[in-house]
Amino acid sequence: MIEIHPVREADKLIPLYKEAGIELNKNSMAVVAQDGEEILGNCLFDLTDEFFMLYSIKPKDDVYFADGLLRSALHVSAENDIMTAYYSKSAPIDLVNKLGFIKNAEKNELDIEKLFKSCESCGK
């Protein structure tokens, strides 16, 4: 069974960040999708007291899976009352744009409020 869960432990984050070529810091987190012990995908981000910063989503070629990973990561931010979100230069910007999560491209700002809006494509 596939589970998606947040990861905060440095020993579990180090290999994910190293593989992505992103520097780990005290605010580093991930949302990881696993089937048993097998890691199927992840979303790497920082979560500070002020903002969420997206770094990476893997895999990028499965749009629906990537959407679920990004939504799960943004949900972690919202659960912590952090409603300001940005994306870094390393983030898959084309994918994030395709998913409709870019609020302001000039400020690299994500639309975290999209988590709480109705589905535009289904009209509900």
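The structure we're discussing is the one just above.
These numbers were taken from a predicted model, which means no experiment stands behind them.

About the cut-offs
Residues numbered from 1 in each chain as written. Predicted model: local features only at pLDDT ≥ 70, side-chain atom pairs only at ≥ 80, totals over all residues. Heavy atoms only, no water. Pairing = 2+ DSSP bridges. Helix = DSSP H or I, 4+ residues; strand = E, 2+ residues; numbered from the N terminus. Phe/Tyr/Trp six-rings, centres within 6.5 Å; stacked < 30°, edge-to-face > 60°.

A.B. asks: Looking at this structure, how should I read the sheet that holds strand β4 (residues 52–58)?
C.D. replies: Think of a sheet as strands paired side by side through backbone hydrogen bonds, with each pair either parallel or antiparallel. Strand order across the open sheet formed by seven strands is β1-β2-β3-β4-β5-β7-β6, with mixed pairing between neighbours. Both edges of this open sheet fall to β1 (2–7) and β6 (102–104), since each of them pairs with a single strand only. Alignment of strand β2 (residues 28–35) against strand β3 (residues 38–47), held across eight bridges, turns out to be antiparallel. Across the sheet, S28 pairs through a bridge with D46, a residue of β3.

A.B. asks: What exactly am I supposed to notice about the packing of aromatic side chains here?
C.D. replies: Centre-to-centre distance and the angle between the planes together describe a pair of aromatic rings. Across all of its chains, the model carries two aromatic pairs by this definition. Ring centres 4.9 Å apart and planes at 25° place the aromatic pair F45 and F52 in the stacked group. Ring centres 6.1 Å apart and planes at 75° place the aromatic pair F51 and Y86 in the edge-to-face group. Placement of F51 in the loop between β3 and β4 and of Y86 in strand β5 (residues 85–87) is noted, with a sequence separation of 35 residues between them.

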